[in-house]
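What the coordinates show
Chain residues, written in single-letter form:
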4 protein chains.
Amino acid sequence: MPEHAIRARQHLAEAVGRRMYERDHISHALGITLEAIRPGYARLTMRVRQDMLNSHQLLHGGMTFTLADTAFAYACNSHDRTAVATGCNIVFPATGHEGDQLTAEAVECHLSGRSGVCDVTVTNQKGEVIALFRGQSRQMQGTVLAGEDD
Amino acid sequence: MPEHAIRARQHLAEAVGRRMYERDHISHALGITLEAIRPGYARLTMRVRQDMLNSHQLLHGGMTFTLADTAFAYACNSHDRTAVATGCNIVFPATGHEGDQLTAEAVECHLSGRSGVCDVTVTNQKGEVIALFRGQSRQMQGTVLAGEDD
Amino acid sequence: MPEHAIRARQHLAEAVGRRMYERDHISHALGITLEAIRPGYARLTMRVRQDMLNSHQLLHGGMTFTLADTAFAYACNSHDRTAVATGCNIVFPATGHEGDQLTAEAVECHLSGRSGVCDVTVTNQKGEVIALFRGQSRQMQGTVLAGEDD
Amino acid sequence: MPEHAIRARQHLAEAVGRRMYERDHISHALGITLEAIRPGYARLTMRVRQDMLNSHQLLHGGMTFTLADTAFAYACNSHDRTAVATGCNIVFPATGHEGDQLTAEAVECHLSGRSGVCDVTVTNQKGEVIALFRGQSRQMQGTVLAGEDD
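The structure reproduced in this document is the subject of the present report. (Residues numbered from 1 in each chain as written. Chains lettered and ligands numbered in written order. Predicted model: local features only at pLDDT ≥ 70, side-chain atom pairs only at ≥ 80, totals over all residues.)

With that settled, consider the environment of Lys126 of chain B. Relative to the assigned elements, Lys126 of chain B resides in the loop between β5 (115-123) and β6 (129-139). The spacing of Lys126 of chain B and Leu12 of chain B is 114 residues in sequence and 33 Å in space, taken between C-alpha atoms. (Helix = DSSP H or I, 4+ residues; strand = E, 2+ residues; numbered from the N terminus.)

In structure tokens, the structure reads:
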């Protein structure tokens, strides 16, 4: 792929990331930050707060899943083709604790036709793996940026 | 099983449910209500709020997962043996919208030794299936009620 | 649904079952028998042979999966709309041994538009659960019986 | 890790591979070949035969799963600690056809305590991805080589 095409795809991914993040209620509610986005890739962070804990006083698996699923959404929408999750699988090798700084890194590992597969790894501040997530996506009609006015 | 043993197990499940719910930060933050708990069973509800929406203005899959995963936790801790999720799988046949009243019904469909499998169905107010969740659990040392003083 | 429509759907399912089984190389190779088929349902059996064992001399998980996946295929093609698996999840609560008589029971638990979800339970001759399988299907163009001449 | 320790672990993995393969009924029945084994890694191949086809005359998903699951087994037993699968997830981005030469590459991507996660990619002779498999393993008491006499 020529240099200018690579640059164009990267600009598109960044525009999609900004656009998605603006209207992303859940990321704002949970303090999720979009650190990086590239075609088929996204990296997000989240700090574990007390209101994310379950009754064992550990990070609720649903919060870990939400972070991973959000990274998945950014990675698979990064081509500006609206994509939705059809199914996901998550494994929890370890658990998170209050105050942990988590990073979710999403890599689209397969895309054929409109169906994709994306792997997300969630790690804590020590680099320990908290969750391994795999999501299946399906591209729909429409684009993320289409509704943009400016 | 004799009647009194059934009743004892039911009382235990209810005590576990109350105890878990008291300290369950995430359920309180998301407005999740514990409607019913029985040995190997739990039913919870949640109303979809604006801060649970993703950038497509649809219910974030992570919130659906969190509701399902919470129902799973109540069902598989209902025997008062502390249990944790080791892996989960979720399929999203439909999506949720702001204002929807969701119900998650968790049924422990297998328990052998310390390993269990629990199925959760999430439906909306029309009875449409929003998510099918399957979780694998593993019982740990300890009980939910052990720490209780009163 | 009126009685005659129910009967028509049942006849269709049975015709699909016969047609699929005729050309089903793998079922013949493994000695899988189709015991029952109804709309959205199938029950198959298989006896565990020595050539199905892994190096631990236990039933290979792939053989258990194959039996479950076959039951899934019959159940989700039973409407005579060609359907394929897009993803599957399997949990192994126990293992199989040489000589075991296994039964796989597949129930289509959700079908909306062209996407379906089907649960399969594999049990041994004592009724013990060997595997819990969940498959996602997608209906394609075409029917199972279309190619039939007679 | 010093050079000699790396070499020792590699020799152990190869001994485990040979030992497992000798008694691996299913691999012999399906013509599966063990091409390479390293600590936490295995690569196996299989040619698609007519008796591996389903009623659509395509490679049965169960055969793809069996190849992937076998690669998984070699990779997670390669440390000579007996390990079994507790659950697996598979996605089928494409399908296989009679005569295809398939390669399954298994990489143990996580191991903490006795629990591991292993990813397997199955490709055909053109390098197209046929399946993405993720397995969870649990190490048991005992070793693969313990029973060896010679």
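Moving on to the environment of Gly96 of chain B. All names here are of chain B. Here Gly96 shows up in the loop between β3 (83-91) and β4 (101-112). A C-alpha to C-alpha distance of 7.5 Å links Gly96 and Asn124, two positions 28 residues apart in sequence. The residues contacting Gly96, other than those within four sequence positions of it, are Val48, Leu58, Leu59, Thr64, Leu102, Asn124 and Ile130. (Contact = placed C-beta atoms within 7 Å.)

This next bit is on the relation of the copies chain C and chain D. The two copies are related by a screw operation: chain C maps onto chain D through 180 degrees of rotation and 0.0 Å of translation along the axis, at an RMSD of 0.0 Å. Read as a symmetry element, the transformation amounts to a two-fold axis. Every residue of chain C has its C-alpha some distance from the rotation axis, and the shortest such distance is that of Asn89 of chain C, at 2.2 Å. When the interface residues of chain C are mapped onto chain D, 100% of them again fall at the interface, so both copies present the same face. (Least-squares fit on C-alpha atoms with pLDDT ≥ 70 in both.)

What follows concerns the interface of chain C and chain D. If you look at the interface, chain C gives 29 residues, while chain D gives 29 residues. Looking at the side of chain C that touches chain D, the elements that each hand over two or more residues are α2 (25-30), α3 (61-77) and β3 (83-91) of chain C. For the side of chain C that touches chain D, the leading source of residues is α3 of chain C, giving 8 residues. Residue composition of the side of chain C that touches chain D, grouped by class: 13 nonpolar, 12 polar and 4 charged. Where β3 of chain C and strand β3 (residues 83-91) of chain D come together, 5 bridges link them in antiparallel fashion. Pairing of Val91 of chain C across the sheet is with Gly87 of chain D, part of β3 of chain D. (Nonpolar A, V, L, I, M, F, W, Y, C, P; charged D, E, K, R; others polar. Pairing = 2+ DSSP bridges.)

The extent of an interface is frequently quoted as the accessible surface area lost upon association of the parts. Tallying the contact residues gives 29 residues for chain A and 29 residues for chain B. A total of 8 residues in the side of chain A that touches chain B trace back to one element, the largest contributor, which is helix α3 (residues 61-77) of chain A.

Let us look at the packing of α3 of chain A against helix α3 (residues 61-77) of chain B. Following both chains from N to C, one finds α3 of chain A and α3 of chain B inclined at 160 degrees, their axes separated by 8 Å at the closest point. With respect to α3 of chain B, the axis of α3 of chain A lies roughly antiparallel. Here α3 of chain A runs over α3 of chain B; the crossing is right-handed. Facing α3 of chain A, whose interface residues are Gly61, Gly62, Met63, Phe65, Thr66, Asp69 and Thr70 of chain A, α3 of chain B presents Gly61, Gly62, Met63, Phe65, Thr66, Asp69 and Thr70 of chain B. Here the contact of α3 of chain A with α3 of chain B is composed, by residue class, of 4 nonpolar, 8 polar and 2 charged. (Axes fitted to C-alpha atoms, helices over the stretch in contact; angles between N-to-C directions. Parallel < 35°, antiparallel > 145°, perpendicular 65-115°, else oblique. Left-handed = near helix turned anticlockwise from the far one by under 90°.)

Spatially, 12 strands are ordered β1(C)-β2(C)-β4(C)-β5(C)-β6(C)-β3(C)-β3(D)-β6(D)-β5(D)-β4(D)-β2(D)-β1(D) in an open sheet, and the strand pairing comes out antiparallel. Strand pairing shows two members of the sheet lacking a second neighbour, β1 (33-38) of chain C together with β1 (33-38) of chain D, which therefore form its edges. Put simply, the sheet's adjacent strands are angled 20 degrees from each other on average, direction ignored. Seen against the sheet, α3 of chain C touches β1, β2 (41-47), β3, β4 (101-112), β5 (115-123) and β6 (129-139) of chain C together with β3 of chain D and runs at an angle of roughly 45 degrees to β4 of chain C.

Moving on, we get to unusual backbone geometry. Residue and element names in this part refer to chain C. Positioned with a positive phi, Gln57 is a non-glycine residue whose angle comes to about 65 degrees. Looking at the element boundaries, Gln57 is found in the loop between β2 and α3. Judged by local crowding, Gln57 falls into the exposed class, with 12 C-beta atoms found within 10 Å. (Buried ≥ 20, exposed ≤ 12 C-beta atoms within 10 Å, placed from the backbone.)

In short, geometric facts, not functional conclusions.
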